[in-house]
Amino acid sequence: MQDPLVVKVGNKDHTLEAAEDSVRKSGGWFYWIAGLSLANTAAIQTGLGYGMIIGLGVTQIVDAVAYEIISGDPSVRTVALASSVLFSVLVSGMFVFFGVFARKAQLWAFVSGIVLYALDSLVFLVSRDWLALGFHVFVLVSLFGGITWSRAIRKARQAAIHSGDANIPIEP
């Protein structure tokens, strides 16, 4: 029986299963970003007046603009509301897409999502919403952990291939 694949992160050895679990947890943040951004859209468009700090700032801006347009000219309500919701659904869908592939240890998904989420953090920096900015930084650090785990898994698989271990799990 072959030894299980060992994934090294820092000075510690981990099983492949534990490493993949860490990648899935880290990539799961993209689902939270998407879901809470949609919740923000619903809250703003229904006039509840609250937002989730983990949600996207850019969707909150578009939602707020649409809400102001509706308040000023009710005749464009349907177009403004539909445009705002469509924008939020598309942007949130993009983060779900990143989540699907990030949870499979795909580096490009982590990097793309991190870049866009970091850019979104600028909304909170400019508006001086320190709590939301701080939470964005927390999530970014968690997402960077996914990059670390994904790289470690890739390195362990490549080492196993080069050593001739025919019993390595196939990369997702």
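Residues numbered from 1 in each chain as written. Predicted model: local features only at pLDDT ≥ 70, side-chain atom pairs only at ≥ 80, totals over all residues. Heavy atoms only, no water.

1. Some remarks on the pairing of strand β2 (residues 12-15)
Pairing analysis gives four bridges linking strand β1 (residues 6-9) to β2, with the strands arranged antiparallel. Its bridge partner lying in β2, Lys 8 is registered against Asp 13. Adjacent in sequence and paired antiparallel, β1 and β2 are bridged by two residues, among which Gly 10 carries a positive phi angle near 65 degrees. (Pairing = 2+ DSSP bridges. Helix = DSSP H or I, 4+ residues; strand = E, 2+ residues; numbered from the N terminus.)

2. Concerning the side chain of Ser 88
Looking at the secondary structure, you find Ser 88 in helix α4 (residues 77-102). The exposure class assigned to Ser 88 is buried, which follows from its relative accessible area of 0%. Separated by 3.4 Å, the side chains of Ser 88 and Asp 63 make a polar contact. When sequence neighbours within four positions are dropped, the list of residues in contact with Ser 88 reads Leu 38, Thr 41, Thr 59 and Asp 63. (Buried < 20%, exposed > 50% of the residue type's maximum accessible area, 1.4 Å probe, protein only. Polar contact = N/O pair within 3.5 Å; in protein donor to acceptor, adjacent residues only side chain to side chain. Contact = heavy atoms within 4.5 Å.)

3. Let's talk about the nonpolar core
In this structure, Val 7, Phe 30, Ile 33, Phe 95 and Tyr 117 are the most contacted members of the largest nonpolar core, which totals 32 residues. Within the residue set of this core, elements represented by two or more residues are β1, α1 (16-27), α2 (29-45), α4, α5 (107-126) and α6 (130-162). Those residues within four positions of Phe 95 in sequence are excluded, and the remaining contacts are Phe 30, Ile 33, Ala 34, Leu 56, Gly 113, Leu 116 and Tyr 117. (Core = buried A, V, L, I, M, F, W, Y, C linked by side-chain atoms within 4.5 Å.)

4. What to know about the confidence of the model for the protein
Residues of the protein with pLDDT of at least 70 account for 92%, and the chain-wide mean is 86. Taking the mean pLDDT of every element in the protein, the minimum, 79, falls on β1 and the maximum, 96, on α5. (pLDDT = per-residue confidence, 0-100.)

5. Let's talk about the packing of α2 against α4
Two numbers describe how α2 lies on α4: the axes approach to 7 Å, and their chain directions differ by 170 degrees. Of the possible angle classes, the one that applies to α2 and α4 is roughly antiparallel. Considering the relative orientation of α2 and α4, their crossing is left-handed. For the pair α2 and α4, the contacting residues are Phe 30, Tyr 31, Ile 33, Ala 34, Ser 37, Leu 38, Thr 41 and Gln 45 in the first and Leu 81, Ser 84, Val 85, Ser 88, Val 89, Ser 92, Phe 95, Val 96, Phe 98, Gly 99, Val 100 and Ala 102 in the second. (Axes fitted to C-alpha atoms, helices over the stretch in contact; angles between N-to-C directions. Parallel < 35°, antiparallel > 145°, perpendicular 65-115°, else oblique. Left-handed = near helix turned anticlockwise from the far one by under 90°.)

6. Quick word on the packing of α1 against α2
At a closest axis distance of 4 Å, the pairing of α1 and α2 adopts a crossing angle of 15 degrees. By the angle between their directions, the pair α1 and α2 is classed as roughly parallel. Across from Lys 25, Ser 26 and Gly 27 in α1, the residues of α2 making contact are Trp 29, Phe 30 and Tyr 31. Class assignment of the residues belonging to the contact of α1 with α2 gives a composition of three nonpolar, two polar and one charged. (Nonpolar A, V, L, I, M, F, W, Y, C, P; charged D, E, K, R; others polar.)

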